[in-house]
Amino acid sequence: MGFSPCVCQPRHRIGVAIGNQVLDLSVVKHLFDGPILSKHPHVFSQPTLNHFMGLGWEAWREARVFLQKLLSASEPALRDNVELRKSAFVPQTSAVMHLPAEIGDYTDFYSSWQHATNVGIMFRGKENALMPNWLHLPVGYHGRASSVVVSGTPIRRPLGQMRPNDDQPPVFSACRLLDLELEMAFFVGPGNRLGEAIPICDAHKHIFGMVLMNDWSARDIQKWEYVPLGPFLGKSFGTTISPWVVTMEALQPFVLPNPIQNPKPLPYLCDGQPYTFDINLFVSIKGGGMSKPATICHSNFKHMYWTMKQQLAHHTINGCNLQPGDLLASGTISGPDPENFGSMLEMSWKGTKAIDLGNGQSRKFLQDGDEVIITGYCQGPGYRVGFGECSGKVLPAKLI
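Everything in this summary refers to the structure shown in the same document. (Residues numbered from 1 in each chain as written. Predicted model: local features only at pLDDT ≥ 70, side-chain atom pairs only at ≥ 80, totals over all residues. Heavy atoms only, no water.)

1. Quick notes on the side chain of Asp 108
So, step 1. If you trace the backbone, Asp 108 turns up in strand 6 (residues 106-109).
So, step 2. Nearest to the buried, unbridged Asp 108 among oppositely charged side chains is Lys 235, at 4.5 Å.
So, step 3. Within the structure, Asp 108 has its side chain in polar contact with the backbone nitrogen of Gly 331 (distance 3.4 Å).
So, step 4. Setting aside residues up to four positions removed in sequence, Asp 108 forms contacts with Val 139, Gly 140, Tyr 141, Glu 183, Asp 215, Lys 235, Ala 329, Ser 330 and Gly 331. (Helix = DSSP H or I, 4+ residues; strand = E, 2+ residues; numbered from the N terminus. Buried < 20%, exposed > 50% of the residue type's maximum accessible area, 1.4 Å probe, protein only. Lys, Arg positive; Asp, Glu negative; His and termini not counted. Salt bridge = Lys/Arg side-chain N within 4 Å of Asp/Glu carboxyl O. Polar contact = N/O pair within 3.5 Å; in protein donor to acceptor, adjacent residues only side chain to side chain. Contact = heavy atoms within 4.5 Å.)

Structural data, given as structure tokens:
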């Protein structure tokens, strides 16, 4: 992740979470003695992870193994050096979080069968829920990297055109149907040259790690603008991610078999290696006057139809060049039951029913002052791998 030790020390650094502490890798960079990182210690003095991600999966694995050794009780380098330990560890409570990477490009996919089906039923009917291409390729669109923000950044309600009445001309207004989207995203490690695709058998070598994401959505703006070219102003006003990146190496104990895909995809999208993950996900809302957040969704990343390897392979099959730090998102993650739905559009079924927050409060879509909190973790035998928090509070529209 990217952090500053405190407000008084604003220089961005790279750190690793250890309990309630952050290990500042710029302080211990001289200790990395492996064949790759001993030659590239400068990557840990950078303000973001881009240079480290670009070194590739062998360097990532080398760093993980070394840090496990460095932090073990039998290793004296930190254990017996009080001054080094004092300067290397920063309490998480005082650390200021930043984006973990400089995001050059951002792509959002649409890879949950249940979400795509739910939305399709609402707007096109059950018989035409999925578009003809959906079961054949990972549908996606090019998002706006400049408005990807770190957890805790407020999100202002957007202005735009909408057409609330189909028999009336469009109007200009603040968004009235502001929504959240439960997503996850992965950072690209080494990229590919322009004109050269990444085969699916090598895709895992280009996927560094995952973060939580809320891809905020202005449903009324989006509905009016999305035909024929897809989302634009209804999505580009803000996307929130968690600051902590959980590496794919750390997620391997939680890998699951890939979903059965019917019809079978074209050969460039076929892969026999499991690359679906058991990640528990939760969405909560804390409205004005609420003493604690109300959980409105419990989902799981395992519900995705298209895998990250398929997304990356498809993204590059035309020769599109990816770069270290590019962000590729899952799309809304919805499961089979209503409590698994990953957007308020689905939970309220297009605004036809209220979402209960308890204590007399309910929502159909987000109100000003609402804070949306996404959390996630993988549960192992006697331990848990957490993703931290992805949160943002809705500010009122700034009228012009």
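This is not the end of the story, as more comes after the structure.
2. Thoughts on the sheet that holds strand 25 (residues 371-380)
So, step 1. Ordered by their spatial adjacency, 5 strands build an open sheet running 9-26-25-20-21, and the pairing between neighbours is mixed. The strands lining the two open edges of the sheet, one partner per strand, are strand 9 (155-156) and strand 21 (294-300).
So, step 2. Bridge analysis of strand 25 against strand 26 (residues 383-395) gives 9 bridges, and the strand direction is antiparallel. Residue Val 372 lies in a different strand from strand 26, and its bridge partner there is Gly 392. (Pairing = 2+ DSSP bridges.)

3. Description of the packing of aromatic side chains
So, step 1. For the coordinates displayed, the defined rule picks out 10 aromatic pairs.
So, step 2. Three or more aromatic residues joined by ring pairs make a cluster, and in this case those are Phe 32, Phe 44, Phe 52, Trp 60, Phe 66 and Phe 208.
So, step 3. Against the face of Tyr 275 rests Lys 309, its NZ or CZ located 5.5 Å from the ring centre.
So, step 4. Here the guanidinium or amino end of Arg 384 rests over the ring plane of Tyr 377, the centre of that ring lying 3.7 Å away. (Phe/Tyr/Trp six-rings, centres within 6.5 Å; stacked < 30°, edge-to-face > 60°. Lys NZ or Arg CZ within 6 Å of the ring centre and 35° of its normal.)

4. Quick look at the pairing of strand 20 (residues 280-286)
So, step 1. Most of strand 20 sits inside the fold, with 6 of its 7 residues counted as buried.
So, step 2. Relative to strand 21, strand 20 is paired through 6 bridges, and the arrangement is antiparallel. Following the sheet pairing, Ile 285 is matched in strand 21 by Ala 294.
So, step 3. Bridging between strand 20 and strand 25 involves 7 bridges; their strand directions are antiparallel. Looking across to strand 25, one finds that Ile 285 is bridged to Val 372.

5. Re the pattern of salt bridges
So, step 1. Applying the stated criterion across every chain, the model contains 11 salt bridges.
So, step 2. Ionic pairing is found between Glu 181 and Arg 219, a salt bridge with its closest N-O pair at 2.9 Å. Here Glu 181 is found in the loop between strand 12 (178-179) and strand 13 (182-188), whereas its partner Arg 219 is found in helix 7 (residues 219-225), with 38 residues between them in sequence.
So, step 3. Exposure remark for Arg 219: the relative accessible area of 10% places this residue in the buried category.
So, step 4. A salt bridge links Lys 235 to Asp 215; the nearest nitrogen and oxygen atoms lie 3.1 Å apart. Placement of the pair is Lys 235 in the loop between helix 7 and strand 16 (239-241) and Asp 215 in the loop between strand 14 (207-214) and strand 15 (217-218), with a sequence separation of 20 residues.

6. A closer look at the side chain of Ser 391
So, step 1. Relative to the helices and strands, Ser 391 is located in strand 26.
So, step 2. One polar contact links Ser 391 to Glu 389, side chain to side chain, over a distance of 3.4 Å.

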